[in-house]
Amino acid sequence: MASPFKQDTKDFLAFLQQNKPIRDRIAAEPNKTLLYAGRFFKPIWRELEELKATYPAGSFTILPDVLERIAISGSHGTLKRYVQAIEAKVPWMPDGFTIWRALSGIYASNARGKVFFSVGSGVDRGKVLAATEIAVLSRNPHLDPQTRDIVAWLQKCIATRTTDINFGLMPSR
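**Student:** How should I be thinking about helix α6 (residues 92–109) in this particular structure?
**Tutor:** One full turn of an α-helix is made of 3.6 residues, so residues set three or four places apart face in the same direction. Listed in full, the buried residues belonging to α6 are Asp 95, Gly 96, Phe 97, Ile 99, Trp 100, Leu 103, Ser 104, Gly 105, Ile 106, Tyr 107 and Ala 108. Looking at the packing, one finds that the buried side of α6 touches α1 (7–18), α2 (20–25), β1 (34–37), α4 (63–69), α5 (79–87) and α7 (128–139).

Written out as structure tokens, the structure is:
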């Protein structure tokens, strides 16, 4: 059976698989990982971009920031720019969604200590948080007890198809 993915997507997934040193760098510092999905007043990723201005530098880290810091050889320069170049050429489903599930799964598996969350409404299996990150976090042995409790609660929300979660845990300023 032929793969439904475009060649660029296959190449990127192979690149990740073959580069453990790169995968190991897809991580925030301990107690800095922030995962997000959905929307409050606007898409949460936009709200987080604005919040960065009010929080001390480095108090939390989101996946796109990590990807921008990972230099790779070739014309793209960083892992984030490599992903953006692929996204411009492939459909979101299934390619873009799968790429972000792979990256987010690695990011969640590399989380250490406390994990922060910003989870709004509209969070269903079509969001990477529900499709991948929470399940990966549930198997991550390096999380603090509070994060484990939050992950268990989020798993229940996902299992019961509660899409309007509207929950946040942010670092103190």
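**Student:** Just to check I follow, could you spell out the packing of α5 against α6 for this structure?
**Tutor:** In a packed pair of helices, the relevant descriptors are the angle between the two axes and the axis-to-axis distance. Two elements in contact, α5 and α6, have axes whose closest approach is 10 Å; the angle formed by their N-to-C orientations is 165 degrees. In terms of orientation, α5 lies roughly antiparallel with respect to α6. Along this stretch, α5 crosses α6, giving a crossing that reads as right-handed. Each of Val 83, Ile 86 and Glu 87 in α5 lies in contact with α6, whose residues at this interface are Trp 92, Ile 99, Trp 100 and Leu 103. When the residues that make up the contact of α5 with α6 are grouped by side-chain class, the tally is six nonpolar, no polar and one charged.

**Student:** Looking at this structure, how should I read helix α3 (residues 44–51)?
**Tutor:** All of the buried residues along α3 are Ile 44, Glu 47 and Leu 48. Seen end-on, α3 carries its buried residues on one side only, within an arc spanning 100 degrees. The elements touched by buried residues of α3 are β1 and β2 (116–119).

Here is what the cut-offs are and how they apply
- Residues numbered from 1 in each chain as written.
- Predicted model: local features only at pLDDT ≥ 70, side-chain atom pairs only at ≥ 80, totals over all residues.
- Heavy atoms only, no water.
- Buried < 20%, exposed > 50% of the residue type's maximum accessible area, 1.4 Å probe, protein only.
- Helix = DSSP H or I, 4+ residues; strand = E, 2+ residues; numbered from the N terminus.
- Contact = heavy atoms within 4.5 Å.
- Axes fitted to C-alpha atoms, helices over the stretch in contact; angles between N-to-C directions.
- Parallel < 35°, antiparallel > 145°, perpendicular 65-115°, else oblique.
- Left-handed = near helix turned anticlockwise from the far one by under 90°.
- Nonpolar A, V, L, I, M, F, W, Y, C, P; charged D, E, K, R; others polar.
- Arc of directions from axis to C-beta.

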